[in-house]
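Working through the structure, step by step
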Amino acid sequence: MVRMSAEERRESVIRAAITEFARTGYHGTSTEAIARRVGVSQPYLFRLFPNKQAIFLAAAERCLGDTRRIFEKASEGLGPEEAVHAMGSAYQRLIADDPAKLMMQMQTYVAVAAAEAAGDHEFGRSVRAGWEALWDTSHLALGADPEETTNFLAYGMLINTLVAMGFPPDHRVWAGFYDSARPTGG
C-alpha cells in the first residue's frame with residue numbers, strides 16, 4: 001500500500017470537502033463526514049487544517065481558482081469577442097463535468113453572507129479575494145471593458161442560478177443566451 005504525503009492527503013480533503021459542502025452547506029456539513037469520505041480520522045483532518053472554517057475556505061478558494069484558470073486557458077490568445085464565448089463554453093463544461101463545483105460556489109455565497117451577518121468579516125475577505133482574481137482575469141480577457149466584464153459575470157451568476165435550480169437546456173428561460181452560454185446536458 002502506497003502512503004500519501006501530507007500534501008496529497010490535504011488535496012484529497014479539499015476534493016472531499018467540495019463534495020460534502022456542496023451537498024449540505026457550511027453549517028450542515030460535519031468534519032466527520034469529510035474525514036469519513038477521505039478515509040482518515042478527524043484528529044488527522046485537524047493536523048492538515050486548523051478547523052472546519054479553514055477546510056471550507058480551502059474548498060471555496062479551489063472552486064474560484066479552478067474557474068479562474070479555466071477562463072485564463074479558454075481566453076488565451078483570443079480577442080474579447082472570441083474570449084467571451086470561449087470562457088462561457090469552458091465554464092459550461094466545468095459545471096457540467098463537475099456539478100459539485102457549481103453547488104460549492106452557491107454554498108460559498110450563502111456561507112459568506114451568514115458569516116458577515118454574524119460579524120465575521122475575515123471569512124468573507126478571503127473569499128472576496130478569490131472573486132476579485134476571477135473578476136480581474138475576466139476583465140483582462142474581455143479587453144479591460146468594465147461593462148463587458150459586468151455583463152459576462154452577471155450572466156454567469158444567472159447561469160449558476162438557472163442550472164442550480166435544474167432548468168433544462170431547452171427551457172424558455174435560456175432563450176436570450178448565446179449558444180456558448182447555454183447548458184449542454186438535459
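Residues numbered from 1 in each chain as written. Predicted model: local features only at pLDDT ≥ 70, side-chain atom pairs only at ≥ 80, totals over all residues. Heavy atoms only, no water.

Two descriptors summarise a pair of aromatic rings, namely the distance from one centre to the other and the angle between the planes of the rings. Counting across every chain of the model gives 10 aromatic pairs. With 5.4 Å between their ring centres and 80° between their planes, Y155 and F177 make a pair best called edge-to-face. A residue pair is termed long-range when its members are at least 10 positions apart, and Y155 in helix α8 (residues 146-164) and F177 in the segment after α8 qualify at 22 residues. For the pair W174 and F177, a centre-to-centre distance of 5.0 Å together with 55° between the ring planes defines the contact as tilted. For the pair shown, W174 and F177 are each scored as buried. (Phe/Tyr/Trp six-rings, centres within 6.5 Å; stacked < 30°, edge-to-face > 60°. Helix = DSSP H or I, 4+ residues; strand = E, 2+ residues; numbered from the N terminus. Buried < 20%, exposed > 50% of the residue type's maximum accessible area, 1.4 Å probe, protein only.)

Here the focus is the packing of helix α1 (residues 6-28) against helix α6 (residues 99-117). Close contact between α1 and α6 brings their axes to 8 Å; oriented N to C, the two are set at 45°. By the criterion of interaxial angle, the relationship of α1 to α6 is oblique. Note that α1 runs across α6; the crossing there is left-handed. Contacts between α1 and α6 involve I18, T19, F21, A22, R23, T24, G25 and Y26 from the first element and A100, K101, M103, M104, Q107 and A111 from the second. Considered class by class, the residues forming the contact of α1 with α6 number eight nonpolar, four polar and two charged. (Axes fitted to C-alpha atoms, helices over the stretch in contact; angles between N-to-C directions. Parallel < 35°, antiparallel > 145°, perpendicular 65-115°, else oblique. Left-handed = near helix turned anticlockwise from the far one by under 90°. Contact = heavy atoms within 4.5 Å. Nonpolar A, V, L, I, M, F, W, Y, C, P; charged D, E, K, R; others polar.)

Attention now moves to a negative patch on the surface. Residues E81, E82, D145, E147 and E148 make up a contiguous surface patch of negative charge. Broken down by secondary-structure element, the contributors of at least two residues to the negative patch are α5 (80-97) and α8. Along the chain, E147 turns up in helix α8. Given the relative accessible area of 59%, E147 is considered exposed. (Patch = residues over 30% accessible without salt bridge, like charges linked within 9 Å, V, L, I, M, F, W, Y side chains within 5 Å. Areas by Shrake-Rupley, 256 points an atom, 1.4 Å probe, with all protein chains shown as cover. Salt bridge = Lys/Arg side-chain N within 4 Å of Asp/Glu carboxyl O. Lys, Arg positive; Asp, Glu negative; His and termini not counted. Charge placed at Lys NZ, Arg CZ, Asp CG, Glu CD.)

By volume, the largest pocket is sized at about 450 Å³. Forming the walls of the largest pocket are 26 residues, and the residues nearest its centre are V84, N151, F152, Y155 and G156. Broken down by secondary-structure element, the contributors of at least two residues to the lining of the largest pocket are α4 (52-75), α5, α6, α7 (121-141) and α8. The element contributing the most residues to the lining of the largest pocket is α8, with nine residues. Taken together, the residues of the lining of the largest pocket sort by class into 14 nonpolar, 10 polar and two charged. (1 Å grid on protein atoms, 1.4 Å probe; cavity = no way out; pocket = protein on both sides within 12 Å on 5 of 7 lines; lining within 4 Å. Points joined across faces, edges and corners; volume = space filled by probe spheres on them.)

Quick look at the pattern of salt bridges now. Side-chain pairs of opposite charge can arise whenever the charged atoms involved come near each other. Considering all chains together, one arrives at 12 salt bridges under this definition. A salt bridge links D98 to K101; the nearest nitrogen and oxygen atoms lie 3.6 Å apart. Linking R128 and E116 is a salt bridge whose minimum nitrogen-to-oxygen distance equals 3.3 Å. With R128 in helix α7 and E116 in helix α6, this pair connects stretches of sequence that are 12 residues apart. Looking at R128, the relative accessible area reads 37%, which means it is partly exposed. Given the relative accessible area of 23%, E116 is considered partly exposed. If you follow the salt bridges from partner to partner, you end up with D66, R69, D98 and K101 in one network.

Our focus in this paragraph is helix α2 (residues 31-38). Among all positions of α2, only T31, A33, I34, A35 and V38 are buried. Considering only its buried residues, α2 is in contact with α1, α3 (42-48) and α4. Looking one or two residues beyond α2, the residue adopting positive phi is G39, at roughly 90°.

No statement about biological role is implied by the geometric values presented.
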